[in-house]
Amino acid sequence: MTDQAQLLPGTLDLLILKAVSLGPLHGYGVLLRIGQISEQALLIEQGALYPALFRLVRQGLLKASWGVSENNRRAKFYELTAAGRKRFREETEGWNRVATAMAAALAAEPEEV
Amino acid sequence: MKSLAYVRSLAAKFFHRSEVAQDMDEELRSHIQHRADDLQRPGISRAEAERRARIEFGGQERIAEECHEALGGNFIETAIQDVRLSIRVLRKSPGFTAAAVLTLALAIGANAVVFSIMNGFILRPLNVPHAESLYGLWRIQDDMSESYPDYIDLRDHNHSFEALAAYNITQAGLDTGENPISSWIEEASGNYFDALGIEPYLGRFFHASDEHGPDSAPYMVLTYAFWHAHFREDRTVLGRVVEVNKHPFTIIGIAPPEFHGTLLFFHPDFFVPLIDQGQIDGNDLNARGSRWIFMTIGHLKAGVSKAEAIADLNSIGAYLKKTYPKDEAQVTFELARPSLYGDYLGRPVREFLTGLMLLSGLILLAACANLGSLFAARAADRSREVALRLALGSSRKRILRGLFTEALLVSLVGGAVGLWGSVFVLQGMSAWQPFPRWPVHLSVNPDAHVYGMALLLALASGFLFGAVPVRQVLATNPYQVVKVGTPGRMGRRITAREVLLVVQIAICAVLVTSSMVAVRGLARSLHNNFGFDPQNTLLVDTDLRMAGYSGDRVPPMQKRMVDALGTIPGVESVGLSDQIPLGDTAPQTNVFTDNTSDLRPSNAAANPVMFKISPEYFHAARTILLSGRNFTSHDDKNSPRVAVVTPPFAKKIFGSVTNAMGGSYKMPDGTRIQVVGIVEDGKYGSLTEDPQPAMFLPVLQWPSTSTYLVVRSGRDPQQLAAAIRTTLRQLDAGLPVFIQTRSKELEFILFGPRMATLALGVLGGMGAMLAVTGIFGMAAYSVSKRLRELGLRVALGAQRKELLQTALGRAVKLLALGSTAGLLLGILATPVLAFIVNQATPHDPLILVGVVLSMALLGLLAAWIPARRALSVDPMRLLREE
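In this convention, every chain numbers its residues from 1, walking through the sequence in written order. As a convention, the first chain written is A and the first ligand written is 1, with the rest following in written order. Only residues with pLDDT of at least 70 are given local features in this predicted model, and only at 80 or more are side-chain atom pairs given and counted; all residues enter the totals for whole chains, interfaces and linings.

Peer 1: Please explain the overall build of chain A as it appears in this structure.
Peer 2: Strands are runs of DSSP state E lasting at least 2 residues, helices are runs of H or I lasting at least 4, and numbering of each runs from the N terminus. When you go through chain A residue by residue, the secondary structure sums to four helices and three strands. In sequence order, chain A lays out its α and β elements as α-β-α-α-β-β-α. With C-beta atoms placed from the backbone, the exposure class of a residue follows from how many other C-beta atoms lie within 10 Å of its own: 20 or more, buried; 12 or fewer, exposed; in between, partly exposed. Each of the 113 residues in chain A was classed as buried or not, and the buried ones make up 32%. Residues are treated as contacting if the C-beta atoms built from their backbones sit within 7 Å of each other. When contacts within chain A are restricted to residue pairs at least 6 apart in sequence, those whose partners lie at least 24 apart make up 49%.

Peer 1: Just checking my understanding: could you explain the overall build of chain B for this structure?
Peer 2: Scanning chain B from terminus to terminus reveals 29 helices and 21 strands. The buried share of chain B, reckoned over its 882 residues, is 42%. Within chain B, counting contacts between residues at least 6 apart in sequence, those at least 24 apart form 81% of the total.

Peer 1: Looking at this structure, how should I read the pairing of strand S14 (residues 609–613) of chain B?
Peer 2: For a regular strand, the rule is simple: side chains alternate between the two faces of the sheet. All names here are of chain B. Burial within S14 is extensive, with five of its five residues counted as buried. Every second residue of S14 is oriented toward a common face, with Val609, Phe611 and Ile613 on one face and Met610 and Lys612 on the other, all of them buried. For S14 and strand S19 (residues 694–698), the ladder comprises five bridges, and the chain directions are parallel. Looking at S19, one finds that Ile613 is bridged to Pro698. Paired strands are those between which DSSP finds at least two bridges.

Peer 1: Any chance you could explain the packing of helix H6 (residues 94–123) of chain B against helix H24 (residues 742–785) of chain B here in plain terms?
Peer 2: When two helices pack together, their arrangement is given by the angle between their axes and by how far apart the axes lie. Residues and elements named next belong to chain B. Running from amino to carboxyl end, H6 crosses H24 at an angle of 155°, the nearest separation of the two axes being 11 Å. The pairing of H6 with H24 is recorded here as roughly antiparallel in orientation. At the point where H6 passes H24, the crossing takes the left-handed sense. When H6 is examined against H24, the residues Ala99, Thr103, Leu106 and Ala110 are found in contact with a partner set consisting of Leu763, Met766, Leu770 and Thr773. For this scheme, ten residues count as nonpolar: Ala, Val, Leu, Ile, Met, Phe, Trp, Tyr, Cys and Pro. Four count as charged, namely Asp, Glu, Lys and Arg, and the remainder, Gly too, count as polar. Split into classes, the residues belonging to the contact of H6 with H24 amount to six nonpolar, two polar and no charged. Axes here refer to lines fitted to C-alpha atoms; in helices the fit is confined to the stretch in contact. Angles between the N-to-C directions go from 0 to 180 degrees. These descriptions rest on fixed angle ranges, namely under 35 degrees for roughly parallel, over 145 for roughly antiparallel, 65 to 115 for roughly perpendicular, and the rest for oblique. Helix crossings get a hand from a simple test, with the near helix turned counterclockwise from the far one by less than a right angle marking a left-handed crossing and a clockwise turn marking a right-handed one.

Peer 1: So what exactly am I meant to see when it comes to the packing of helix H26 (residues 800–828) of chain B against helix H28 (residues 845–871) of chain B here?
Peer 2: Residue and element names in this part refer to chain B. Direction vectors running N to C along H26 and H28 enclose 155°, while the axes themselves pass 10 Å from each other. As the angle between them shows, H26 and H28 are arranged roughly antiparallel. When you trace H26 past H28, the crossing you get is right-handed. For the pair H26 and H28, contact is made by Arg800, Leu803, Leu804, Ala807, Leu808, Ala811, Val812, Leu815, Ser819 and Leu823 and by Val851, Met855, Gly859, Ala863, Pro866, Ala867, Ala870 and Leu871, respectively. Residue composition of the contact of H26 with H28, by class: 15 nonpolar, two polar and one charged.

Peer 1: Honestly, the nonpolar core in this entry has me stumped. Any pointers?
Peer 2: Soluble, globular proteins show a tendency: their nonpolar side chains are buried together. Counting residues in hydrophobic clusters, the biggest one holds 223 residues, and the most contacted among them are Ile108(B), Ile363(B), Cys508(B), Leu709(B) and Ala779(B). Dropping the residues within four chain positions of it, Ala779(B) is found in contact with Leu808(B), Ala811(B), Ala862(B), Ala863(B) and Pro866(B). Ranked by size, the runner-up nonpolar core spans 30 residues in total, among them Ile16(A), Tyr28(A), Leu49(A) and Val57(A). The term nonpolar core refers to a set of buried Ala, Val, Leu, Ile, Met, Phe, Trp, Tyr and Cys residues connected through C-beta atoms within 7 Å.

Peer 1: Help me understand unusual backbone geometry in this model?
Peer 2: In terms of backbone geometry, most residues other than glycine have negative phi values and most peptide bonds are trans. All names here are of chain B. At Asp215, a position not held by glycine, the phi torsion is positive, near 55°. Structurally, Asp215 can be placed in the loop between strand S4 (202–203) and strand S5 (219–222). The backbone of Lys246 sits at a positive phi, close to 70°, despite the residue not being glycine. Along the chain, Lys246 turns up in the loop between strand S6 (241–244) and strand S7 (247–254).

Peer 1: What is the right way to read the environment of Gly372(B) from this model?
Peer 2: Residue and element names in this part refer to chain B. Residue placement: Gly372 occurs in helix H12 (residues 342–381). In this structure the C-alpha to C-alpha distance between Gly372 and Ala467, which are 95 residues apart in sequence, comes to 7.6 Å. In this view, Gly372 contacts Leu464, Phe465, Val468 and Leu500; residues no more than four positions away in its chain are not counted.

Peer 1: Can you help me understand the interface of chain B and chain A in this one?
Peer 2: Interface extent is often summarised as the accessible area lost during association of the parts. The interface of chain B with chain A comprises 22 residues on the first partner and 19 residues on the second. Contributions of two or more residues to the side of chain B that touches chain A are made by helix H1 (2–15), helix H2 (17–39), helix H3 (46–57) and helix H4 (60–70) of chain B. Ranked by the residues each element gives to the side of chain B that touches chain A, the list is headed by H2(B), at eight residues.

Peer 1: Which parts of the structure should I look at to understand the sheet that holds strand S3 (residues 74–80) of chain A?
Peer 2: Note: strands within a sheet are paired through backbone hydrogen bonds, in either parallel or antiparallel orientation. Residues and elements named next belong to chain A. Taken in spatial order, the three strands make up an open sheet running S1-S3-S2, and their pairing is antiparallel. The outermost strands of the open sheet, each flanked by one partner alone, are strand S1 (25–26) and strand S2 (62–68). Of the strand pairs in this sheet, S2 and S3 are connected by seven bridges, and their pairing is antiparallel. Residue pairing in the sheet places Val68 in a bridge with Arg74 of S3. Those strands touched by helix H1 (residues 11–21) are S1, S2 and S3, and its axis lies near 100° from that of S3. Across the face of the sheet, helix H3 (residues 46–58) comes into contact with S2 and S3 while running at roughly 120° to S2.

Peer 1: Honestly, helix H11 (residues 306–323) of chain B in this entry has me stumped. Any pointers?
Peer 2: Residues separated by three or four positions in an α-helix point in the same direction, a consequence of the helix having 3.6 residues per turn. All names here are of chain B. To estimate how far a helix should reach, multiply one less than its number of residues by 1.5 Å. Between its first and last C-alpha, H11 extends 26 Å over 18 residues, near the 26 Å set by a 1.5 Å rise per residue. Those residues of H11 that fall on the buried side of the exposure criterion are Ala309, Ile310, Leu313, Gly317 and Leu320. The arc enclosing the buried residues of H11, seen along the axis, measures out at 95°, which places them on a common side. In H11, the exposed residues that point more than 90 degrees away from the buried face are Ala307, Ala311, Lys322 and Thr323. Buried positions along H11 lie against strand S1 (134–139), helix H7 (148–157), strand S9 (295–300) and strand S10 (333–336). To be clear, the arc concerns the directions from the helix axis to the C-beta atoms.

Peer 1: Could you clarify how one ought to interpret the confidence of the model for chain B in this entry?
Peer 2: In low-pLDDT segments, the atomic positions of the prediction should not be examined closely. Residues and elements named next belong to chain B. Scored between 0 and 100, pLDDT is the confidence that the predictor attaches to each residue. Considering every residue of chain B, the mean pLDDT works out to 84; 93% of them sit at 70 or more. The low-confidence segment residues 488–492, where pLDDT is below 50, has three contacts with residues more than four positions distant or belonging to other chains. Here the predicted complex carries an ipTM of 0.86, next to a pTM of 0.70.

Peer 1: Honestly, the environment of Glu61(B) in this entry has me stumped. Any pointers?
Peer 2: All names here are of chain B. One can find Glu61 in helix H4. Given 11 C-beta atoms within a 10 Å radius, Glu61 is considered exposed. In this structure, the C-alpha to C-alpha distance between Glu61 and Leu392, residues 331 residues apart in sequence, is 9.7 Å.

Below, the structure is given as structure tokens:
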């Protein structure tokens, strides 16, 4: 638990979009999926998840519908809308650019300067 | 797409609020169930798993709230929630709420009234098209009046005005077939309505083309109000012939309802052409030296600046002076707003209202300071509640929003109540006719500007005093408060709240000082020597021209009137004068020393006020003859011209009073007049004037149709007035007269100072009230904060005096500090007051004592209840409670 990375601000939405892009999920499922795809490195506080989900719905990036979960319980499932998919692509590209740039910057050696 | 989703979520939330909440609850529950499914394993029961899941999940309420916020559209919803909560909270302390609302209602009401008056008098333009380019001509050396020939020259030779119109105000007898009435009229130049761009409501106006020389256009245009009141809006009056001063005039039109001339307060009954004024006033249209036209006005041409227009007028003025040296002195012009008679009324009114606005602004500020400290005290009292809410996961933002909602709620309700009250006051003022003899209306009904202003003030003050406790809330540390209780003492440093209180007390002291100065000044000016005795005197005011008298028929009629009134039982004496001191006009004329031969205005030795009186006048008015003789009935047309003058006149013309007796001086037409008596000095134009030269001439030598009868009698004024009316009707039933007591007539001149004193008094009273609540709030707060300490002291044997000192020492110190500052400021501000209220001086021990006493009294009043509470501290109970 202690070596989990702090989430950078703004990355929660992107992670949620990613999780949902892999298939419709209910809230708890999103949590599990993020843990799974980040190999438990990124754990999201349960309380922070729902406001984020609601925000994304409001922004029209996700849509929600009630269904039945694998545990045979009623649950609300989220999936990407068209706008959501578009936003997800853009944000991913943006993130990758930043990440590459950051990595390059941090890898710079004295002789390269 | 996105916005659509947003709207949908908003709409869903708004219209299906409980559904949304249920939905959210269910989702969160489902989450916990799923988590519990994962946690459940051998050794952990289902119940335990669910418990752990819930703990892991955290505060469900807070998350639900955050989700709610994330859904958007919360602003309105939380606002409604906040308002509901605030109403509940405020209703729990009705005393506090009522005090706060009342304080604000008074402050905002006062501001609304003052602003509305300012709006009505100064800000709102005249109700004529393009009022912004309408100016009146003002002779810098004199006033706005012109002679008819000068007006014609100015009208025809200027290049700056679209058209120059002129009008005069006068009184005339109107006979419509019933009893003749005395009415107020405007004599207007033919181009008057066209120059102003006014269209008739009914019929037609008169135009420049109707003028064909003196008395050539016997037409009359009624104002809507007069048509309504006198003719009951009868449309058939058009074309009717009525008599004005016994001359026939045809009613040709009705002016629109909103038009009543271009003077703000003055509402005439009808308009007649200026060219006919020979029939009405008997002024000479050709006399260049007789400046009887009240005002000349016109719209500047587009593209002509004020300075250009003034230069243009001045060049005409220079031409006039060169061409007519006998009649014209220096002629230079200024352009002035016509609505308040230029700067003559405009400047004092503007200055006074600005001062008043400033004062009422200060009142509002004081009220805000007051409420700010009340709210801060409340926030401190509620610090435990705030701390609990914070500990339970409420956000500081939310708590602050709640506080602001309370503040705004109070300010809006207070503003509404204040506005409601002010509308009543203003309607009363608008309906009020302060002078029965004059058609003066104060149109100060509130309009959209006033409502907007009140709303703005309410919101601003709500935010202002709502902001006071913000820091306090932000600094609240929930754990500290819950653990230790409210901090007992905040230390000795001076808090912002105390500074506010001192400022407020100072403001109050300024107001109390200035209202006392004003009241004393007014009281003293009423006991001035006016040069006559206003007690036990009735004034009968008429003009014989209204009943068609002129020339040789006037003096015998005047003599008959004086004699007839003298026979009424109970009448001690009756005198006659063409005008009266401190009346509506004090006519002036140039006079010259006896050895001046070139009688042009610039050579004049003095410009005294002039009264034409009957021999009995001095006795009836109780004006004391200092030396020489009174007039007799032998001082008539056939005997040498004589005068009785006042000491200032004597000094100005002859150097001393002794030289004046028997000396001679000249009138502008060259008539030599010999001084035969000296009477005491008096006030003639206003109560604030410096000693002015004045002369009295025998009315038999200088006939005048304008007639004031001064009737001295100890009888009841109403009975006497009825008797006078009957007597005069027997002499001539067609002569309208106006009768009122001399004191009532004086009210006209006292109106300004009275209103000023009243306004200051009201504001001073409000300031005092605010200071009381402010000190009370502060003292009560400090006592309640230190109850425990006080209890301890009592337990340790403290005396009552020491207790009081601890509890209230600081409040008393602040009070003393604020009062002193206010008193000094008030004294410094007196010169401003002296401008309005005669003899306003702070160098009056009574005022100093009065201010100190009243401030002390206010302090005592305010500290009474907190002091009682401090003294009744029961240490046992307090210690037990803690």
